[in-house]
Amino acid sequence: MLEFIPLLDKNSKVPLYVQLYQYIKQKIEEDKIPEGSILPSIRYLSGQLRVSKNTVEGAYQQLIAEGYVASTARIGLKVLPLEKTTLSAPLQKQTKKTK
């Protein structure tokens, strides 16, 4: 099972579920949680982090809404492939200098 331990600041003005969501999202984008990985269950992660199940569920729901993970029956939350943003082609030289 995938293990990760985010540092959540209970004194922060940012809600815990947002901190957790941002942490997981960043790890997915950095490929530290690779495509196809199964995230820990809500119950397991809430126990490990000593936070409410609602906190973990809120973070997971945001990840689902933004397309980072998908819920798979009897498996859990699976990390989806990231959509590669296409960069515009390098700017071509506008015009050659004329004499």
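This report concerns the structure included in the present document. All residue numbers refer to position in the chain's written sequence, counted from 1. Totals for whole chains, interfaces and linings use every residue, but because this is a predicted model, local features are given only for residues with pLDDT of at least 70 and side-chain atom pairs only at 80 or more, for both listing and counting. No hydrogens and no water enter the side-chain calculation; it runs on all heavy atoms of the structure.

### So, the overall build of the chain
For the record, the criterion: The numbering of helices and of strands both runs from the N terminus, where a helix is a DSSP run of H or I of at least 4 residues and a strand a run of E of at least 2. To sort residues, take the accessible area from a 1.4 Å probe on protein chains only and compare it with the maximum for the residue type: under 20% means buried, over 50% means exposed, and anything in between is partly exposed. What makes two residues a contact is simply this: any of their non-hydrogen atoms within 4.5 Å. For accessible areas, the Shrake-Rupley method is used with a probe of radius 1.4 Å. Any residue's cover is judged against the shown protein chains and nothing else.
The helix and strand inventory of the chain stands at three helices and two strands. For the chain, the sequential pattern of α-helices and β-strands runs α-α-α-β-β. Per-residue burial for the chain yields a buried fraction of 27% across its 99 residues. Contacts in the chain between residues at least 24 apart in sequence constitute 55% of all its contacts with a sequence separation of at least 6. When the accessible area of the chain is evaluated, it comes to approximately 7800 Å², of which 51% is carbon and sulfur surface.

### Remarks on unusual backbone geometry
Of note, D31 is a non-glycine position whose phi angle comes to about 65°, a positive value. Within the element layout of this structure, D31 appears in the loop between α1 (16–29) and α2 (42–49). Of note, the phi angle at R74 is positive, near 65°, even though the residue is not glycine. Inspection of the secondary structure puts R74 in the loop between β1 (69–72) and β2 (76–79). Residue R74 is classed as exposed on the basis of its relative accessible area of 89%.

### Things to note about the packing of aromatic side chains
Two numbers describe a pair of aromatic rings. These are the distance of the centres and the angle of the planes. In plain terms, the rule: Working definition: rings of Phe, Tyr and Trp (its six-membered ring) pair if their centres are within 6.5 Å, and the pair is stacked with planes under 30 degrees apart, edge-to-face with planes over 60 apart, and tilted otherwise.
One pass over the full model with this rule turns up one aromatic pair. Summarising the aromatic geometry, the rings of F4 and Y23 are spaced 5.9 Å apart at their centres and angled 35° between planes, so their arrangement reads as tilted. Residue F4 is located in the segment before α1, and its partner Y23 is located in helix α1; the two are separated by 19 residues in the primary sequence. Exposure remark for F4: the relative accessible area of 10% places this residue in the buried category.

### Regarding the pattern of salt bridges
Rules: Here a salt bridge means any side-chain nitrogen of Lys or Arg lying within 4 Å of a carboxyl oxygen belonging to Asp or Glu.
Under the counting rule described, the total for this entry stands at three salt bridges. As a salt-bridge pair, K25 and E66 come within 4.0 Å of each other at their nearest N and O atoms. One end of the pair, K25, is in helix α1; the other, E66, is in the loop between α3 (53–65) and β1, with 41 residues separating them in the sequence. E30 is the partner of K27 in a salt bridge, and the nearest nitrogen-oxygen pair spans 3.9 Å. Residue K27 is classed as buried on the basis of its relative accessible area of 18%. The exposure class assigned to E30 is partly exposed, which follows from its relative accessible area of 36%. Linked through salt bridges whose partners overlap, the residues forming this network are K27, E30 and K32.

None of the figures reported here should be taken as evidence of function without further support.
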